[in-house]
Amino acid sequence: MRQSILLKNNLDPNSIKTMMPQKVAELLGVEFVVYGTANITFEGTRSYGSSSTTYKDKTEKDKDKSSGKEFTSNSSSTVSNYDTAIELNIFSDTGSNLYSVSRNGFGNSLDTYDGTLNYLIKRSPWGSKNK
């Protein structure tokens, strides 16, 4: 429904960025407008590896053998790291900024923005965790 209102007014997401929040609220017929950005930067990868070797001596029943047993295990992993920054602004239909916050993401995975955004919304003036 709201998207059709935008299309009727020849608006797309890029053109809305240049409009004042008061005008967007008026066009959509809403009381609040939320503007936000998520900047996600790839920071590279890190590789981790380990190797473990254990040696088991001969047992009493293997005394006639010349050596014990050696066990080796290896493991490695590669992790991609991302830096995420979220900015959230809530404006009223009069154009006044009611809430503005910026925060770096919690963690370094690609989907870190999701948890960070939920955290910010819960702590907004209308969120369930607002004090």
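Here, every reference points to the structure presented above.
The rules we used
- Residues numbered from 1 in each chain as written.
- Predicted model: local features only at pLDDT ≥ 70, side-chain atom pairs only at ≥ 80, totals over all residues.
- Heavy atoms only, no water.
- Phe/Tyr/Trp six-rings, centres within 6.5 Å; stacked < 30°, edge-to-face > 60°.
- Helix = DSSP H or I, 4+ residues; strand = E, 2+ residues; numbered from the N terminus.
- Buried < 20%, exposed > 50% of the residue type's maximum accessible area, 1.4 Å probe, protein only.
- Contact = heavy atoms within 4.5 Å.
- Salt bridge = Lys/Arg side-chain N within 4 Å of Asp/Glu carboxyl O.

A. Structural detail: the packing of aromatic side chains. Applying the stated rule across the entire model yields four aromatic pairs. Pairing Phe32 with Trp126 gives two aromatic rings, centres 4.8 Å apart and planes at 55°, and the pair type is tilted. In this pair, Phe32 sits in strand β1 (residues 32-56) while Trp126 sits in the segment after α4 (112-122), placing the two residues 94 residues apart along the sequence. On the basis of relative accessible area, Trp126 is assigned to the partly exposed category, the value being 47%. Between Tyr35 and Phe91, the aromatic rings sit 5.6 Å apart at their centres with planes inclined by 85°, giving edge-to-face as the arrangement. One end of the pair, Tyr35, is in strand β1; the other, Phe91, is in strand β2 (residues 69-92), and 56 residues separate them in sequence. Residues Tyr35 and Phe91 agree in their burial class; the two are buried.

B. Expanded view of the side chain of Thr112. Examined against the element boundaries, Thr112 turns out to sit in helix α4. The class for Thr112 is buried, based on a relative accessible area of 5%. Apart from residues no more than four positions distant in its own chain, Thr112 is found in contact with Thr84, Gly105, Phe106 and Gly107.

C. Quick look at the pattern of salt bridges. In the structure shown here, the tally under the stated rule is one salt bridge. Measuring nitrogen to oxygen at the nearest pair gives 3.8 Å for the salt bridge that ties Glu26 to Lys23. Remark: Lys23 and Glu26 occur in helix α3 (residues 21-28); sequence separation between them is three residues, near one turn of the helix. The class of Glu26 is exposed, set by a relative accessible area of 57%. Owing to a relative accessible area of 40%, Lys23 belongs among the partly exposed residues under this scheme.

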